[in-house]
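Observations on the three-dimensional arrangement
The primary structure of each chain is shown beneath.
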Amino acid sequence: MSLIPNEPYRMLDPFWNEMDRVLRRGKESFTDGLYRIDVEETQKKVIVTAEIPGIEKPEDLRITLNENQLMIQGEIRKIIHEEDDESVSRHSERYFGKFSRVLTLPALVKTDGAHASYRNGLLKLSFLKDAHPAARRIEVDFH
């Protein structure tokens with residue numbers, strides 16, 4: 001007769017392993033899924049639309065492109081409400097802090113003629129397709 005050790009928590013091992021994997025990825029990888037991004041392609045253009053609410057200043061958003069690798073980086077600053085009485089946060093689901101996202105575009109694009117705008121929490125990027133792109137930083141127009 002073989003003895004089987006009693007390990008009642010063994011069935012939780014897959015859960016703990018998954019939690020460990022998620023936590024090891026780091027904060028930067030966690031922010032990948034926080035902001036929704038759409039990528040569209042036409043005959044002549046690649047269009048990227050990203051929902052990134054909370055950006056207030058152009059220096060808080062940085063867009064770089066290297067061949068077909070698009071990087072969107074930024075920082076959302078926490079809004080501090082100044083009131084007479086001290087408030088205590090009871091529940092918060094909004095994200096504050098630095099974020100970074102790298103996308104592989106479906107085609108090689110030019111940085112010359114690229115357009116970037118940010119309005120009402122939506123970042124819109126438009127690139128013309130090109131066979132020989134060069135790395136460059138892209139300035140964002142704030143409305």
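Residues numbered from 1 in each chain as written. Predicted model: local features only at pLDDT ≥ 70, side-chain atom pairs only at ≥ 80, totals over all residues. Heavy atoms only, no water.

An unreviewed UniProt entry lists the protein under the name Hsp20/alpha crystallin family protein, with Desulfosporosinus nitroreducens as the source organism. The heading Sequence similarities (unreviewed entry) in the UniProt record of the protein holds the text "Belongs to the small heat shock protein (HSP20) family." (UniProt positions renumbered as here; feature names shortened; annotations may be inferred.)

1. Concerning the sheet that holds strand 2 (residues 45-51)
Strand order across the open sheet formed by 5 strands is 1-2-7-6-9, with mixed pairing between neighbours. Both edges of this open sheet fall to strand 1 (37-41) and strand 9 (141-142), since each of them pairs with a single strand only. One ladder, built from 2 bridges, connects strand 6 (residues 115-119) with strand 9; its direction is parallel. In the sheet register, Tyr118 faces strand 9, and the bridge partner there is Phe142. (Pairing = 2+ DSSP bridges. Helix = DSSP H or I, 4+ residues; strand = E, 2+ residues; numbered from the N terminus.)

2. Brief notes about the nonpolar core
Core analysis: the biggest nonpolar cluster contains 26 residues, and Leu70 and Leu123 have the highest contact counts within it. Among the secondary structure elements, those contributing two or more residues to this core are strand 2, strand 3 (61-66), strand 4 (69-76), strand 5 (97-104), strand 6 and strand 7 (122-128). The contacts of Leu123, once residues within four sequence positions are left out, are Val48, Thr49, Ala50, Ile52, Leu61, Ile63, Ile72, Ser117, Tyr118 and Val140. (Core = buried A, V, L, I, M, F, W, Y, C linked by side-chain atoms within 4.5 Å. Buried < 20%, exposed > 50% of the residue type's maximum accessible area, 1.4 Å probe, protein only. Contact = heavy atoms within 4.5 Å.)

3. Concerning the environment of Ala107
The topology assignment puts Ala107 in the loop between strand 5 and strand 6. When residues no more than four places from it in sequence are discounted, the contact partners of Ala107 are Glu41, Val46, Asn68 and Lys129.

4. Looking at the side chain of Asp60
Within the secondary structure, Asp60 is located in the loop between strand 2 and strand 3. Ignoring anything within four residues of it in the chain, the contact list for Asp60 reads Ile55, Gln73, Gly74, Glu75 and Arg77.

5. Quick word on unusual backbone geometry
With a phi angle near 50°, Asn120 is a residue other than glycine that sits in the positive phi range. On the secondary structure map, Asn120 appears in the loop between strand 6 and strand 7.

6. Brief notes about the pairing of strand 4
Of the two faces of strand 4, the one holding Leu70, Ile72, Gly74 and Ile76 is buried and the one holding Gln69, Met71, Gln73 and Glu75 is not buried anywhere. Alignment of strand 3 against strand 4, held across 6 bridges, turns out to be antiparallel. Bridge pairing links Arg62 to Gln73 in strand 4. Judged from the 8 bridges that link them, strand 4 and strand 5 form a sheet pairing that is antiparallel. Within strand 5, the residue paired with Glu75 across the bridge is Lys98.

7. Topic: the packing of aromatic side chains
Each aromatic ring pair is described using two quantities: the centre-to-centre distance and the angle formed by the ring planes. Taken as a whole and assessed by the stated rule, the structure comprises 1 aromatic pair. Between the aromatic rings of Tyr118 and Phe142, the centroid separation amounts to 5.1 Å while the plane-to-plane angle is 40°, which identifies the pairing as tilted. Residue Tyr118 is found in strand 6, and its partner Phe142 is found in strand 9; the two are separated by 24 residues along the sequence. For Phe142, a relative accessible area of 26% puts it in the partly exposed group. (Phe/Tyr/Trp six-rings, centres within 6.5 Å; stacked < 30°, edge-to-face > 60°.)

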